[in-house]
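# Remarks on the overall topology
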Amino acid sequence: MDCVIQYCSTEADLVDDCVAAASASCDKVFLVVLTHFFTGEPDPEAWIKARDLAHRFKNVTPVLVQWKHMPGAPPLFWHHEARLMGYSMGNNPWVLFLDADEVIRDSNAFKAWWSNLSDSQNPTTAYKLANYWYFLSKKRRAKTLEDSVVL
């Protein structure tokens, strides 16, 4: 399974844990960074961090997406464009999509769960997973799970 992680520098407190867990759980990890925030403000720190993480984890590839102003584009255009760019880099039929503030809590348990599913004759084509939301910090975790991560 491949993993596509979208990252911007506002998630700097969480990205190390996200990438470490994804790297231990997946064959390839594509860490996608936009050159700018969705607002259009430059985000050079994100690319520096992405390259650093790629040096620390052998199966992590940083992907830089050039942002440009697009009047009238839907609000989530760049979020989806970044995910599509990461997806296009891989060749695995299964891809886990994460934001940098979504962390796999137990890589071994996740791999065991996935191994059991992928070894079965399960015709499922997508899974929706639950996660706790974080808000800019490891200390600000939601108290309830929400279904949002897609595999």
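Summarised in this report is the structure supplied together with it. (Residues numbered from 1 in each chain as written. Predicted model: local features only at pLDDT ≥ 70, side-chain atom pairs only at ≥ 80, totals over all residues. Heavy atoms only, no water.)

### Focus on the overall build of the protein chain
- Broken down by element type, the protein chain carries four helices and six strands.
- When its helices and strands are written in sequence order, the protein chain yields β-α-β-α-β-α-β-α-β-β.
- Expected size for 151 residues packed as a compact globule is a radius of gyration near 15 Å; at 15 Å, the protein chain falls within 12% of this value.
- Dimensions of the protein chain, computed from the C-alpha atoms along their principal axes, are close to 45 × 35 × 30 Å. (Helix = DSSP H or I, 4+ residues; strand = E, 2+ residues; numbered from the N terminus. Rg over C-alpha atoms; globule rule 2.2 N^0.38 Å.)

### Re the packing of helix H1 (residues 12-25) against helix H2 (residues 44-56)
- Two numbers describe how H1 lies on H2: the axes approach to 11 Å, and their chain directions differ by 30°. By the angle between their directions, the pair H1 and H2 is classed as roughly parallel. Viewed along their axes, H1 and H2 form a crossing whose handedness is right-handed. Between H1 and H2, the contacting residues are Val-15, Asp-16 and Val-19 on the first element and Lys-49, Leu-53 and Arg-56 on the second.
- For the contact of H1 with H2, the per-class residue count stands at three nonpolar, no polar and three charged. (Axes fitted to C-alpha atoms, helices over the stretch in contact; angles between N-to-C directions. Parallel < 35°, antiparallel > 145°, perpendicular 65-115°, else oblique. Left-handed = near helix turned anticlockwise from the far one by under 90°. Contact = heavy atoms within 4.5 Å. Nonpolar A, V, L, I, M, F, W, Y, C, P; charged D, E, K, R; others polar.)

### A few points about the packing of aromatic side chains
- Following the criterion strictly, the structure yields nine aromatic pairs and no others.
- Both rings, one in Tyr-87 and one in Phe-97, keep their centres 6.4 Å apart while their planes meet at 35°; by these two values the pair is tilted. Here Phe-97 lies in strand S4 (residues 95-99) and Tyr-87 lies in helix H3 (residues 77-89), a separation of ten residues in the sequence.
- Take Phe-97: its relative accessible area is 17%, and that puts it in the buried class. (Phe/Tyr/Trp six-rings, centres within 6.5 Å; stacked < 30°, edge-to-face > 60°. Buried < 20%, exposed > 50% of the residue type's maximum accessible area, 1.4 Å probe, protein only.)

Bear in mind that shape data such as this cannot, by itself, settle questions of function.
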